[in-house]
Amino acid sequence: MFSRLTRPQTIAVCALPVVALLATAVFAPLPFSVAQPGQTTNVLGENKGAPVITISGAPVRDTRGQLRMTTIVATSPDTRVSLPDIVDSWFRTDRAVMPRDAIYPSGDTVQEIERHNEKQMKESQDAATEAALNHLGLDEKDVKVGLKLADVGGPSAGLLFSLGIVDKLDGDGTGGDLTGGRVIAGTGTIAADGTVGAVGGVALKTQAAKRDGATVFLVPKAECADARAELPKGLRLIPVTTLKSTVSSLVALQTGKGSVPSC
């Protein structure tokens, strides 16, 4: 024999699964990471007491200005990110919610990810060195370049490494600094042929750049829209596609001769 439920009882019973689902959504870990602006480092200077760029086999210039590579900091792959974390970050300009797989290789352990990032950094440094020396017409057999940047992984510093090598060896090509004495920041991968690639997280990196005194930000051209989204006031964007065109843009910015592209 069955008894009939009243309308309020029926609503209460039906609501129980919904409440349970909402509670699960609130407290369950979700497949996202929360990112924020990270450190920036002047590749023309030192990092933790050691020069970022060392060169032997060719005369090295004294440089003014700064070339700052930029980073983001994301929650580790084993950090539990819940719905409240996502909601809080959604309404902040200094936070970004990103799919975990967009930052970390899927299924890898923390140790495997660290090894992967270190490998990418080493490959990026090798490509940056080759691109810079090719650009200057120098032979890697004659010129030895060492790149050292502690606690940073991944390939996104490639462009800035190349620019740092070019500035230390050749400057603007006429005796001046490639930076023109400015604080210039940026991001971008680089291939041995000098092609600049996209990296992600540029809206957060522009904030890190502005925080650390940059007035110019070099951004892969394909990511101009992302960079403009939360662009700090007073930070000029210069889109880049190759090492050669980036050097040309910086020389034009410094000398006032020639055009400087914009996003």
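Use the structure listed above.
Attention here is on the structure that accompanies the text. (Residues numbered from 1 in each chain as written. Predicted model: local features only at pLDDT ≥ 70, side-chain atom pairs only at ≥ 80, totals over all residues. Heavy atoms only, no water.)

## Some points on the overall build of the protein chain
Moving on, step 1. Helix and strand counts for the protein chain come out as eight helices and 12 strands.
Moving on, step 2. Here the contacts in the protein chain between residues at least 6 apart in sequence split such that 76% fall between residues at least 24 apart. (Helix = DSSP H or I, 4+ residues; strand = E, 2+ residues; numbered from the N terminus. Contact = heavy atoms within 4.5 Å.)

## Brief notes about a negative patch on the surface
Moving on, step 1. Negative charge collects at one region of the surface, where E130, D139, E140, D142 and D193 lie side by side.
Moving on, step 2. Looking at the secondary structure, you find E130 in helix α4 (residues 110-136).
Moving on, step 3. Taking relative accessible area as the criterion, E130 reaches 31% and is therefore assigned partly exposed. (Patch = residues over 30% accessible without salt bridge, like charges linked within 9 Å, V, L, I, M, F, W, Y side chains within 5 Å. Areas by Shrake-Rupley, 256 points an atom, 1.4 Å probe, with all protein chains shown as cover. Salt bridge = Lys/Arg side-chain N within 4 Å of Asp/Glu carboxyl O. Lys, Arg positive; Asp, Glu negative; His and termini not counted. Charge placed at Lys NZ, Arg CZ, Asp CG, Glu CD. Buried < 20%, exposed > 50% of the residue type's maximum accessible area, 1.4 Å probe, protein only.)

## Examining the packing of α4 against helix α8 (residues 243-255)
Moving on, step 1. In contact at an axis separation of 10 Å, α4 and α8 are set at 65° when each is read in the N-to-C sense. With respect to α8, the axis of α4 lies roughly perpendicular. For α4 against α8, the interelement crossing comes out right-handed. The residues of α8 that touch α4, namely those facing A131, A132 and H135, are L243, K244 and V247.
Moving on, step 2. Among the residues forming the contact of α4 with α8, the class breakdown is four nonpolar, one polar and one charged. (Axes fitted to C-alpha atoms, helices over the stretch in contact; angles between N-to-C directions. Parallel < 35°, antiparallel > 145°, perpendicular 65-115°, else oblique. Left-handed = near helix turned anticlockwise from the far one by under 90°. Nonpolar A, V, L, I, M, F, W, Y, C, P; charged D, E, K, R; others polar.)

## Thoughts on the pairing of strand β7 (residues 144-147)
Moving on, step 1. Of the two faces of β7, the one lined by V145 and L147 is fully buried and the one lined by K144 and G146 carries no buried residue.
Moving on, step 2. Direction of pairing for strand β4 (residues 53-56) relative to β7: antiparallel, over a ladder of four bridges. Across the sheet, residue I53 finds its bridge partner in β7, namely L147. (Pairing = 2+ DSSP bridges.)

## Considerations on α4
Moving on, step 1. With 27 residues, α4 should reach 39 Å at 1.5 Å per residue; the first-to-last C-alpha distance of 39 Å fits that figure.
Moving on, step 2. The complete set of buried residues in α4 reads I113, M121, S124, Q125, A127, A128, T129, A131, A132 and L133.
Moving on, step 3. Contacts made by the buried residues of α4 are with β7, α5 (158-169), β9 (189-190) and α8. (Expected span 1.5 Å × (residues − 1).)

## Focus on the pattern of salt bridges
Moving on, step 1. Inspection of the entire model under this criterion finds six salt bridges.
Moving on, step 2. Its salt-bridge partner being R61, residue D177 comes within 3.3 Å of it at the nearest N-O pair. Here the residue D177 occupies a position in the loop between α5 and β8 (183-186), and R61 occupies one in the loop between β4 and β5 (66-74), the gap between them amounting to 116 residues.
Moving on, step 3. In this structure D177 comes out as buried when scored by relative accessible area, which is 6%.
Moving on, step 4. R64 is the salt-bridge partner of D177, the closest N and O atoms lying 3.1 Å from each other. Remark: R64 occurs in the loop between β4 and β5 and D177 occurs in the loop between α5 and β8; sequence separation between them is 113 residues.
Moving on, step 5. Salt bridges linked by common partners bring R61, R64, D167 and D177 together as one network.

## Here's the deal with unusual backbone geometry
Moving on, step 1. Phi is positive for K48, close to 55°, though the residue is something other than glycine.
Moving on, step 2. As for its placement among the helices and strands, K48 is situated in the loop between β2 (46-47) and β3 (50-51).

## Here we look at helix α6 (residues 202-211)
Moving on, step 1. Burial analysis of α6 places eight of its 10 residues in the buried class, which makes it a mostly covered element.
Moving on, step 2. Looking only at α6, the buried set comprises V202, A203, L204, K205, T206, Q207, A208 and A209.

## A closer look at the sheet that holds strand β1 (residues 32-42)
The pairing of strands in a sheet happens through backbone hydrogen bonds and is either parallel or antiparallel.
Moving on, step 1. Spatial ordering of the open sheet is given by β6-β1-β5-β8-β11-β12, a layout of six strands whose pairing is mixed. In this open sheet, the two strands that pair with only one neighbour each are β6 (96-99) and β12 (236-240). Adjacent strand axes in the sheet meet at a mean angle of 35° when their direction is disregarded.
Moving on, step 2. Along the sheet, α5 contacts β5, β8, β11 (216-220) and β12; its crossing angle with β5, the most-contacted strand, is approximately 165°.
Moving on, step 3. Sitting on the sheet, α6 touches β1, β5, β6, β8, β11 and β12, and the angle it makes with β1 is about 35°.

## Some remarks on the nonpolar core
Moving on, step 1. V43, I53, L159, F161, L163, I165 and L218 are the most contacted members of the largest nonpolar core, which totals 37 residues.
Moving on, step 2. The dominant element in this core, judged by the number of residues it contributes, is α5, at seven residues.
Moving on, step 3. By size, the runner-up hydrophobic cluster in this structure holds 11 residues, among which are V183, V202, V219 and A227. (Core = buried A, V, L, I, M, F, W, Y, C linked by side-chain atoms within 4.5 Å.)

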